[in-house]
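In case you want the letters, here they are:
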Amino acid sequence: PGGCAAAGAARGSAAGVLRVTYWPAQLCVLAAIALQVALPDKLTIGPSWLLPALEGALLIGLAASTPRGRADEDHPLRRRVAVGLIAFVNAANAIDLYLLAHELLHRHIANGRSLILSGIAIWLTNVLIFALWYWQLDRGGPANRARHPDPTTPEGHPDFVFPEMDTGKTYTPSNWMPGFVDYLALALTTAAAFSPTDTMPNSQRAKALMSSQGLISLVTLGLIISRAVGILG
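Residues numbered from 1 in each chain as written. Predicted model: local features only at pLDDT ≥ 70, side-chain atom pairs only at ≥ 80, totals over all residues. Heavy atoms only, no water.

Structural notes on the layout of surface pockets
Estimates place the volume of the largest pocket at around 340 Å³. As for the largest pocket, its lining consists of 15 residues, and the residues nearest its centre are Pro151, Glu164, Met165, Lys169 and Ser174. A per-class count over the lining of the largest pocket returns seven nonpolar, four polar and four charged. (1 Å grid on protein atoms, 1.4 Å probe; cavity = no way out; pocket = protein on both sides within 12 Å on 5 of 7 lines; lining within 4 Å. Points joined across faces, edges and corners; volume = space filled by probe spheres on them. Nonpolar A, V, L, I, M, F, W, Y, C, P; charged D, E, K, R; others polar.)

Laid out in structure tokens, this is it:
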């Protein structure tokens with residue numbers, strides 16, 4: 001979203017002003033909305049279109065109000081709305097997970113194929129949501145990272161230590177900065193391994209986020225998908 005946000009790789013303009021692009025995070029939110037639309041009605045609260053429509057309206061509003069981003073400008077309101085949007089999508093996905101678990105545990109399931117697909121959609125949405133969390137919260141967000149690229153300073157103190165910042169320094173340009181793909185890879189490996197892999201959390205909030213994502217992923221893969229496979233068997 002316009003601030004999932006202030007999401008993007010910082011790049012220099014002809015005038016030398018750092019700018020932050022928004023489309024990678026906006027595309028990520030659109031993918032999460034599409035996955036939610038694909039879920040059956042019984043796994044959503046209210047009409048199946050309601051939550052995706054509200055999320056889409058918030059996304060459009062953010063995108064319209066921030067057509068381009070300047071890394072040298074602070075937008076605290078946009079940032080708060082962006083974090084709120086991520087939390088909103090996260091809560092909707094958690095509700096979908098609960099409803100799917102309830103469906104599997106308390107109802108007689110004749111055909112588990114649709115539940116397998118729903119479990120995969122919820123798991124993928126979980127990956128996308130936490131990629132946005134990591135990108136928005138690491139070092140105070142992408143705009144702050146662009147303003148304070150040095151991770152050894154108090155303003156640029158990292159929440160996550162990527163290999164390029166530590167063991168990979170020999171092979172990494174001195175001006176390297178994590179981009180959206182780095183946070184997406186972090187979210188994917190955390191969801192698949194249920195723990196840190198090559199990128200280490202460096203703050204309490206980073207550890208809390210990764211622990212939450214690992215727990216959600218474990219429930220999704222361990223309880224729901226395995227249960228659905230058992231139904232098919």
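A word on the environment of Thr220
Among the structural elements, Thr220 can be located in helix H7 (residues 204-232). Since its relative accessible area comes to 1%, Thr220 is described here as buried. Residues Thr220 and Ala101, spaced 119 residues apart in sequence, show a C-alpha to C-alpha distance of 8.5 Å. Thr220 has contacts with Leu97, Gly119, Ile122, Trp123 and Ile225, leaving out every residue within four places of it along the chain. (Helix = DSSP H or I, 4+ residues; strand = E, 2+ residues; numbered from the N terminus. Buried < 20%, exposed > 50% of the residue type's maximum accessible area, 1.4 Å probe, protein only. Contact = heavy atoms within 4.5 Å.)

Regarding the side chain of Asp96
Within the element layout of this structure, Asp96 appears in helix H3 (residues 76-106). A relative accessible area of 2% means that Asp96 is categorised as buried. Excluding residues within four positions of it along the chain, Asp96 makes contact with Gln36, Leu39, Leu43, Thr44 and Ile122.

Observations concerning the nonpolar core
One finds Leu132, Trp133, Tyr134 and Phe160 to be the most contacted residues of the largest nonpolar core, which totals 31 residues. Mapped onto this core, the elements with two or more residues apiece are helix H1 (23-37), H3, helix H4 (113-137), helix H6 (180-193) and H7. Those residues in contact with Tyr134 that sit more than four places away from it in its chain are Phe160, Tyr183, Leu186, Ala187, Thr190, Leu209, Met210 and Gln213. Core analysis: the next-biggest nonpolar cluster, separate from the first, contains ten residues, Leu97, Leu100, Leu104 and Ile224 among them. (Core = buried A, V, L, I, M, F, W, Y, C linked by side-chain atoms within 4.5 Å.)

Quick look at unusual backbone geometry
Phi at Arg139 takes a positive value of approximately 55°, unusual for a residue other than glycine. Tracing the sequence through the fold places Arg139 in the loop between H4 and helix H5 (142-147). A positive phi angle, near 60°, is found at Phe194, a position not held by glycine. Residue placement: Phe194 occurs in the loop between H6 and strand S5 (200-201). On the basis of relative accessibility, which here comes to 37%, the residue Phe194 falls in the partly exposed class.

Brief notes about the packing of H3 against H4
The geometry of H3 relative to H4 is characterised by a closest axis approach of 10 Å and an angle of 155° between their N-to-C directions. For the element pair H3 / H4, the angle class is roughly antiparallel. For the pair H3 and H4, the crossing hand works out as left-handed. Its residues placed into classes, the contact of H3 with H4 shows 15 nonpolar, seven polar and three charged. (Axes fitted to C-alpha atoms, helices over the stretch in contact; angles between N-to-C directions. Parallel < 35°, antiparallel > 145°, perpendicular 65-115°, else oblique. Left-handed = near helix turned anticlockwise from the far one by under 90°.)

Details of the packing of aromatic side chains
If you walk through the whole model with that rule in mind, you get six aromatic pairs. When the centroid spacing of 4.4 Å and the interplanar angle of 45° are considered together, the rings of Trp135 and Phe180 count as tilted. Of this pair, Trp135 sits in helix H4 while Phe180 sits in helix H6; the two residues are 45 residues apart in sequence, bridging distant segments of the chain. Here Phe180 falls in the buried class, since its relative accessible area comes to 13%. Between Phe162 and Tyr183, the aromatic rings sit 5.3 Å apart at their centres with planes inclined by 90°, giving edge-to-face as the arrangement. Placement of Phe162 in the loop between strand S4 (160-161) and H6 and of Tyr183 in helix H6 is noted, with a sequence separation of 21 residues between them. Both residues of the pair, Phe162 and Tyr183, belong to the buried class. Ring pairs connect the aromatic residues Trp135, Phe162, Trp176, Phe180 and Tyr183, which therefore count as one cluster. (Phe/Tyr/Trp six-rings, centres within 6.5 Å; stacked < 30°, edge-to-face > 60°.)

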